[in-house]
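# Architecture and fold: a report
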Amino acid sequence: NAGVTQTPKFQVLKTGQSMTLQCAQDMNHEYMSWYRQDPGMGLRLIHYSVGAGITDQGEVPNGYNVSRSTTEDFPLRLLSAAPSQTSVYFCASSYSQGSGEQYFGPGTRLTVT
Amino acid sequence: AQSVAQPEDQVNVAEGNPLTVKCTYSVSGNPYLFWYVQYPNRGLQFLLKYITGDNLVKGSYGFEAEFNKSQTSFHLKKPSALVSDSALYFCAAMYNFNKFYFGSGTKLNVKP
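Below is a short write-up of the structure. Given the structure is predicted, the values throughout are model-derived calculations rather than measurements.

This next bit is on the sheet that holds strand β7 (residues 64-66) of chain A. All names here are of chain A. An order of β1-β3-β8-β7 is seen for the four strands of this open sheet, with the pairing classed as antiparallel. The open sheet has two free edges, formed respectively by β1 (4-7) and β7, since each of these has just one partner strand. With direction set aside, neighbouring strand axes in the sheet form an average angle of 20°. Strand direction decides the pairing type here: β7 and strand β8 (residues 76-78), joined by three bridges, are antiparallel. Paired with Val66 across the strands is Leu76, a residue of β8.

Here it is, written out as structure tokens:
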């Protein structure tokens, strides 16, 4: 199993550009989530999904959209990038909504200039 | 609001000595509690979790954590630290079975 994969590993955007961060898992996990990691602030939940077709907002959802059309994929869209979105983004998955043991991808380092 | 606090940005310990990394959580229902570890340029790895039952939870790599409801704490411990334990450690709480809140992280330095 590849586990949780994320692409790209690095990305530089200009303010106002849009892009999609890809996340995929091959473990048939129901629960998937997106976090951003900023120095001194730990990880903050952006959006999560408890199954295909079901998504909900986390702690810091503004400026980000998600969809979950399949069990495997959970892309994160930045519609109009801002410098405040410069961060490291992690995707994670777990077997079910309540299991809690999450598997994390390697991360995407995004810089918005 | 839900929150998780890790009061120490950094913990320094000598190899072979016991280590403790502290974590407290806000009280709202009965959250599930977790510890994760992050090595440089990697994603987080699960160490252990507490749901209910015995207050001492054992996890991966010899780590354990002690749950204290009266102090709303969930401290990570290891009897004998290794240099290879040096990493960034995160405490997390899951509320309502779907929302996770992470602490700010504690950098553990184990010196030979």
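A separate point is the interface of chain A and chain B. Contacts between the two partners involve 22 residues from chain A, matched on the other side by 22 residues from chain B. Roughly 1,700 Å² is buried in total at the junction of chain A and chain B, and carbon and sulfur atoms are behind 55% of that figure. The tally of links from chain A across to chain B stands at zero salt bridges. The interface formed by chain A and chain B contains two residue pairs in polar contact (both at pLDDT 80 or more). Mapped by element, the contributors of at least two residues to the side of chain A that touches chain B are β4 (31-38) and β5 (42-51) of chain A.

To continue, consider the state of the cysteines. Residue and element names in this part refer to chain A. Using the criterion set out here, one finds two disulfides over all chains in the structure. Here Cys23 connects covalently by a disulfide to Cys91, the sulfurs 1.8 Å from one another. In this structure the cystine formed by Cys23 and Cys91 twists about its S-S bond by roughly -70°; its chirality is therefore left-handed. Here Cys23 is found in strand β3 (residues 19-25), whereas its partner Cys91 is found in strand β9 (residues 87-94), with 68 residues between them in sequence. An identical accessibility class is assigned to Cys23 and Cys91; each is buried.

Note: most residues except glycine have negative phi, and most peptide bonds are trans. Going from Thr7(A) to Pro8(A), the amide bond is cis rather than trans, its omega being -5°. With respect to the helices and strands, Pro8(A) occurs in the loop between β1 and β2 (10-13). Backbone geometry at Asn41(B) places phi at a positive 60°, although glycine is not the residue there. Mapped onto the secondary structure, Asn41(B) falls in the loop between β5 (32-38) and β6 (44-50). Phi angles above zero are rare outside glycine, and Thr72(B) is one such case at about 45°. Examined against the element boundaries, Thr72(B) turns out to sit in the loop between β8 (64-68) and β9 (73-78).

Here the focus is the environment of Ser80(A). All names here are of chain A. Tracing the chain through its elements places Ser80 in the loop between β8 and β9. Residues Ser80 and Gly16, 64 residues apart in the sequence, show an inter-C-alpha distance of 4.3 Å. Not counting residues up to four positions away in its chain, the partners in contact with Ser80 are Gly16, Gln17 and Gln85.

Turning next to the packing of aromatic side chains. Residues and elements named next belong to chain B. On inspection of all chains with the given rule, the structure shows 19 aromatic pairs over all chains. An angle of 50° between the planes, with centres 5.9 Å apart, marks the rings of Tyr36 and Phe102 as tilted. Pair noted here: Tyr36 is in strand β5 and Phe102 is in strand β11 (residues 99-102), with a separation of 66 residues, a long-range link. Of the two residues examined, Tyr36 and Phe102, each falls in the buried class.

Moving on: the pairing of strand β6 (residues 54-57) of chain A. Residues and elements named next belong to chain A. Sheet topology note: the β5/β6 ladder contains four bridges and is antiparallel. Bridge assignment links His47 to a residue of β6, and that residue is Gln57. In this structure, the hairpin formed by β5 and β6 is closed by a connection of two residues, where Gly53 is found at a positive phi of approximately 85°.

Conventions and cut-offs
- Residues numbered from 1 in each chain as written.
- Chains lettered and ligands numbered in written order.
- Predicted model: local features only at pLDDT ≥ 70, side-chain atom pairs only at ≥ 80, totals over all residues.
- Heavy atoms only, no water.
- Pairing = 2+ DSSP bridges.
- Helix = DSSP H or I, 4+ residues; strand = E, 2+ residues; numbered from the N terminus.
- Axes fitted to C-alpha atoms, helices over the stretch in contact; angles between N-to-C directions.
- Contact = heavy atoms within 4.5 Å.
- Buried area = accessible area lost by both parts, 1.4 Å probe.
- Salt bridge = Lys/Arg side-chain N within 4 Å of Asp/Glu carboxyl O.
- Polar contact = N/O pair within 3.5 Å; in protein donor to acceptor, adjacent residues only side chain to side chain.
- Disulfide = S-S within 2.5 Å.
- Buried < 20%, exposed > 50% of the residue type's maximum accessible area, 1.4 Å probe, protein only.
- Phe/Tyr/Trp six-rings, centres within 6.5 Å; stacked < 30°, edge-to-face > 60°.

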